[in-house]
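# Report on the structure
Here's the letter readout for the chains.
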Amino acid sequence: MNIRLARGTKRKLPQQAEDVVDMQQANLVNLPENYHIRLFTWPQLSYVAEDRKGRIVGYVLAKIDEESEDKSADVHGHINSISVMRSYRRLGLAKKLMLLSQEAMASVYKAKYVSLHVRETNQAAIGLYRDTLGFEVANTEKGYYADGENAYMMRLDFKNKF
C-alpha cells in the first residue's frame, strides 16, 4: 500500500488531474455526499492511498478554513471528506491519511486545530475520530446534511501534537 500527496489538485491540465477524478469516484462509491471540484484545491493537505496496481483505494480531502470573518481567529484545517474503499478498510489507512493531512495543516499552514462534520449515525467514523484520533464533539448541527440528518461538528486541537 502506498500513501502519497494527491496529484492534480492545483494544476489545470486534464492529464495531471487524474487523482481528482479517482477521488471523486471513490467518493461516489462510498459516500452519500458529493463534493464540488473546487474543494480539491489544497495540494499540501490531500492524500491518496493506492493499491499495488496504483489504483486509488482511499483519500482524504482537506482544506484550510478561510470562512471566518474574525481576522484574529486561529488558522485551522477542515476535513471535507475521507473515504476508504470497503475491501481496504480496517487496515489503518484512514488513520494514516488523517495524520498526514493534520501534520501538513500544522506544519505548512500553522493551523492550531482541525474540524470535521460526521453524521450522527456513522458510528464507525465517530469511533475513528474520537477513540483513535482524539477528536471531541464540539456541537451538533441540526439538519446539516441534504437528507436532514444532523451532524456532529468535531474538533481536534494540535497543541503539543506536531
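Preceding this section is the structure that the text describes.
One structure accompanies this document, and this report is about it. Since the structure is predicted, the reported quantities are computational estimates derived from the model, not experimental observations.

### Considerations on the overall build of the protein
Across its full length, the protein holds 3 helices and 7 strands. Its helices and strands in sequence order give the protein the pattern β-α-β-β-β-α-β-α-β-β, from N to C terminus. When burial is assessed residue by residue, the protein has 44% of its 162 residues classed as buried. Pairs at least 24 residues apart make up 61% of the contacts formed inside the protein by residues separated by at least 6 positions. As displayed, the protein has an accessible area near 9500 Å², and 48% of this comes from carbon and sulfur atoms.

### Focus: the environment of Lys96
Tracing the chain through its elements places Lys96 in helix α2 (residues 93-109). The sequence separation of Lys96 and Ala49 amounts to 47 residues, and the corresponding C-alpha distance is 9.2 Å.

### Digging into the pattern of salt bridges
Scanning the entire structure with this criterion turns up 6 salt bridges. Salt-bridge contacts for Asp147 lead to Arg119; the nearest nitrogen and oxygen are separated by 3.0 Å. Here the residue Asp147 occupies a position in the loop between β6 (136-141) and β7 (151-157), and Arg119 occupies one in strand β5 (residues 113-119), the gap between them amounting to 28 residues. Look at Asp147 and you get exposed, because its relative accessible area is 55%. Between Arg130 and Asp131 there is a salt bridge whose closest N-O contact spans 2.8 Å. Looking at Arg130, the relative accessible area reads 43%, which means it is partly exposed.

### Topic: α2
The periodicity of an α-helix, 3.6 residues per turn, causes residues three or four positions apart to be oriented the same way. Between its first and last C-alpha atoms α2 spans 23 Å; for 17 residues at 1.5 Å apiece the expected length is 24 Å, and the two agree. The set of residues buried in α2 consists of Leu93, Ala94, Leu97, Met98, Ser101, Gln102, Ala104, Met105 and Ala106.

Definitions and cut-offs
- Residues numbered from 1 in each chain as written.
- Predicted model: local features only at pLDDT ≥ 70, side-chain atom pairs only at ≥ 80, totals over all residues.
- Heavy atoms only, no water.
- Helix = DSSP H or I, 4+ residues; strand = E, 2+ residues; numbered from the N terminus.
- Buried < 20%, exposed > 50% of the residue type's maximum accessible area, 1.4 Å probe, protein only.
- Contact = heavy atoms within 4.5 Å.
- Areas by Shrake-Rupley, 256 points an atom, 1.4 Å probe, with all protein chains shown as cover.
- Salt bridge = Lys/Arg side-chain N within 4 Å of Asp/Glu carboxyl O.
- Expected span 1.5 Å × (residues − 1).

Read these as geometric descriptors, not functional statements.
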